[in-house]
Amino acid sequence: MASRKLGKRLDNLGMTASTLCAIHCAIVPILLTFLPLAGLGFLAHPLFEWSMILLALLLGVSSIFLSYFRTHRRALPLLLLCSGFVLVIAGHIYLKGWEEAIVVPLGGLTIAAAHFVNYKYVGVCSNKDHFFNLNHNHPKRR
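This is a predicted model, so every value here is computed, not measured.

Assigned secondary structure in the protein chain consists of four helices and zero strands. Beginning at the N terminus, the succession of helices and strands in the protein chain can be written as α-α-α-α. For the protein chain, buried positions account for 38% of its 142 residues. Counting only contacts in the protein chain whose residues sit at least 6 apart along the sequence, the fraction spanning at least 24 positions is 66%. When the accessible area of the protein chain is evaluated, it comes to approximately 8,700 Å², of which 70% is carbon and sulfur surface.

So, in C-alpha cells, the structure goes:
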C-alpha cells in the first residue's frame, strides 16, 4: 500500500516535471534573446537542460519501473518513457533550430503521458477503476 502511494506521488511529480520540461523546451528557443534581460539566462544553459533531463530520468525510472514490477506489469508506460527519452536526448544531440523546438517538447509530453498512464494503471490496481480501459487482473501470488 505504501509503495502505491509513493508511486502515485512520483507519477504526479514526474507528470509535472515532464510537462514543465516540455514547456521549457518549447518556450526557450522563442524567448532566447529576452532571457538574459530578465535575469533568466541560466534557463538556456546546457547544464540546466541536462540537469532537467537527468531529474526526469530519475523520476521516470523510479516511478514507472517500481510500479511495473510491484503493481501492474504493463509495458505501455515503459515504452512511452523510453520513447520520450529517445526523442528528448536525440533532439538535444542531433537537432538544432525549429526541429529541436518541436521534437524535444514532444518527447517531454511523451514522458508526461508515460507517467499519466502509469498513474492510471496503479489507480486501477487500488480501486478497480476502468478508466481508459486500463482494467486488468493480477496473477495470483503464492
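Here the narrative resumes.
Moving on: the confidence of the model for the protein chain. Looking at the protein chain, the pLDDT average stands at 76 and 68% of residues meet or exceed 70. Put simply, helix H1 (residues 2-31) is where the protein chain has its lowest mean pLDDT, 71, and helix H3 (residues 76-94) is where it has its highest, 93. The low-confidence segment residues 126-131, where pLDDT is below 50, has eight contacts with residues more than four positions distant or belonging to other chains.

To continue, consider unusual backbone geometry. Although it is not a glycine, arginine 73 sits at a positive phi angle of roughly 55°. Position of arginine 73 relative to the elements: it lies in the loop between helix H2 (46-72) and H3.

So, about a nonpolar patch on the surface. On the surface, a cluster of nonpolar side chains totalling about 530 Å² of accessible area is made up of Leu54, Leu57, Leu58, Val61, Phe65 and Phe69. With respect to the secondary-structure elements, phenylalanine 69 resides in helix H2.

Further remarks concern the packing of aromatic side chains. Overall, the coordinates contain one aromatic pair when judged by the stated rule. Here tyrosine 68 and phenylalanine 69 contribute two aromatic rings whose centre-to-centre distance is 4.9 Å and whose plane-to-plane angle is 85°, an arrangement assigned as edge-to-face.

Bringing the environment of threonine 110 into the picture now. Residue placement: threonine 110 occurs in helix H4 (residues 98-127). A C-alpha to C-alpha distance of 9.8 Å links threonine 110 and methionine 15, two positions 95 residues apart in sequence. Excluding residues within four positions of it along the chain, threonine 110 makes contact with Leu80, Ser83, Gly84 and Leu87.

With that settled, consider H2. The end-to-end C-alpha separation of H2 is 36 Å, in line with the 39 Å expected for 27 residues at 1.5 Å each. Among the residues trailing H2, arginine 73 stands out with phi positive, at a value near 55°.

Rules used in this analysis
- Residues numbered from 1 in each chain as written.
- Predicted model: local features only at pLDDT ≥ 70, side-chain atom pairs only at ≥ 80, totals over all residues.
- Heavy atoms only, no water.
- Helix = DSSP H or I, 4+ residues; strand = E, 2+ residues; numbered from the N terminus.
- Buried < 20%, exposed > 50% of the residue type's maximum accessible area, 1.4 Å probe, protein only.
- Contact = heavy atoms within 4.5 Å.
- Areas by Shrake-Rupley, 256 points an atom, 1.4 Å probe, with all protein chains shown as cover.
- pLDDT = per-residue confidence, 0-100.
- Patch = residues over 30% accessible without salt bridge, like charges linked within 9 Å, V, L, I, M, F, W, Y side chains within 5 Å.
- Salt bridge = Lys/Arg side-chain N within 4 Å of Asp/Glu carboxyl O.
- Phe/Tyr/Trp six-rings, centres within 6.5 Å; stacked < 30°, edge-to-face > 60°.
- Expected span 1.5 Å × (residues − 1).

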